[in-house]
Amino acid sequence: MQEAQNSNFPSALDIVENGLNAHPASEGLMFLKAYFGYKIADSMSSELSSFPKVIQPLGNGALMVDGAMTSQLLGKFQEIVKILSEAEESINELLQVNPSSQEVVAFKGYIDSKKNQLGQESENMKATISNTPNIAGGFCVGCRKSISYDTQKVVFRKSSASQLEAWHLPCFQSKAKN
Ligand SMILES: [Zn+2]
């Protein structure tokens, strides 16, 4: 059922967009365009919940952060926000034609809140990634080589009250075995 929905909304959106090319002023088609766009964005964001966890506790206060996965997730967020922005454009056109439609106003509210939520989450993630080298430094405590926080799996551990140390995941694991 879920799969059928995922595959149907993009093709439904195509059909509506073709219809709009022929009848640019059709309010019904504009609403459908916004609605299908929203449904696509919605099913994409529920797929994200099945994404592997980008942050995993490893016990003893150590945290593993998957940098590559975090970057991928940010990319997905951007895709969804783009689709939502397109849906919002149709809604704005509709509001110009029909400013008092409660249905359209309510739908615009949905789209806005979803967009804001995703925007906030990706801002938080980006801030975390860009702040990390300032807090934990750019080098692995194990091998002393540099760490790429947006592509590698990194383990963080508190070394003292104010210090955070960073490890490559493999370096941390081989240290734990010894
Ligand atoms: Zn290392």
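> Would you take a moment to explain the overall build of the chain for this structure?
Within the chain, the regular secondary structure consists of 5 helices and 4 strands. Taken over the C-alpha trace, the chain has a radius of gyration of 22 Å; the compact-globule value for 178 residues is 16 Å, which it surpasses by more than 25%. Looking at the chain residue by residue over its 178 residues, the buried ones come to 34%. The long-range share in the chain, meaning contacts at least 24 apart out of those at least 6 apart in sequence, stands at 57%. Put simply, the chain shows about 10700 Å² of open surface, and 54% of that area lies on carbon and sulfur atoms. The positive charge centre, built from 16 side chains, and the negative charge centre, built from 18, are 16 Å apart in the chain.

> What exactly am I supposed to notice about the coordination of the zinc ion here?
Six octahedral donors at a metal ideally form angles of 90 or 180 degrees, and four tetrahedral donors ideally form angles of 109.5 degrees. Looking at the zinc ion, one finds its protein donor set to be Cys-140 (SG), Cys-143 (SG), His-168 (ND1) and Cys-171 (SG), positioned 2.1 to 2.3 Å from the metal centre. The sequence pattern formed by the donor residues of the zinc ion is C-x2-C-x24-H-x2-C. Residue classification places Cys-140 among the buried residues on the basis of a relative accessible area of 1%. According to the relative accessible area criterion, Cys-143 is partly exposed, its value standing at 30%.

> Teacher, can you tell me more about helix H4 (residues 102-136) here?
For H4, built from 35 residues, the straight-helix expectation of 51 Å at 1.5 Å per residue is met to within 8% by its first-to-last C-alpha distance of 51 Å. Turning to H4, its buried residues are Val-104, Phe-107, Ile-111, Lys-114, Leu-118, Ser-122, Met-125, Thr-132 and Ala-136. Here the buried face of H4 lies against helix H2 (27-48), helix H3 (67-97), strand S3 (153-158) and strand S4 (164-168). Remark: Gly-137 follows H4 within two positions and exhibits a positive phi of approximately 80°.

Each value, and the rule that gives it
- Residues numbered from 1 in each chain as written.
- Predicted model: local features only at pLDDT ≥ 70, side-chain atom pairs only at ≥ 80, totals over all residues.
- Heavy atoms only, no water.
- Helix = DSSP H or I, 4+ residues; strand = E, 2+ residues; numbered from the N terminus.
- Rg over C-alpha atoms; globule rule 2.2 N^0.38 Å.
- Buried < 20%, exposed > 50% of the residue type's maximum accessible area, 1.4 Å probe, protein only.
- Contact = heavy atoms within 4.5 Å.
- Areas by Shrake-Rupley, 256 points an atom, 1.4 Å probe, with all protein chains shown as cover.
- Lys, Arg positive; Asp, Glu negative; His and termini not counted.
- Charge placed at Lys NZ, Arg CZ, Asp CG, Glu CD.
- Donors = N, O, S within 2.8 Å, 3.2 Å for Na, K, Ca; no water.
- Expected span 1.5 Å × (residues − 1).

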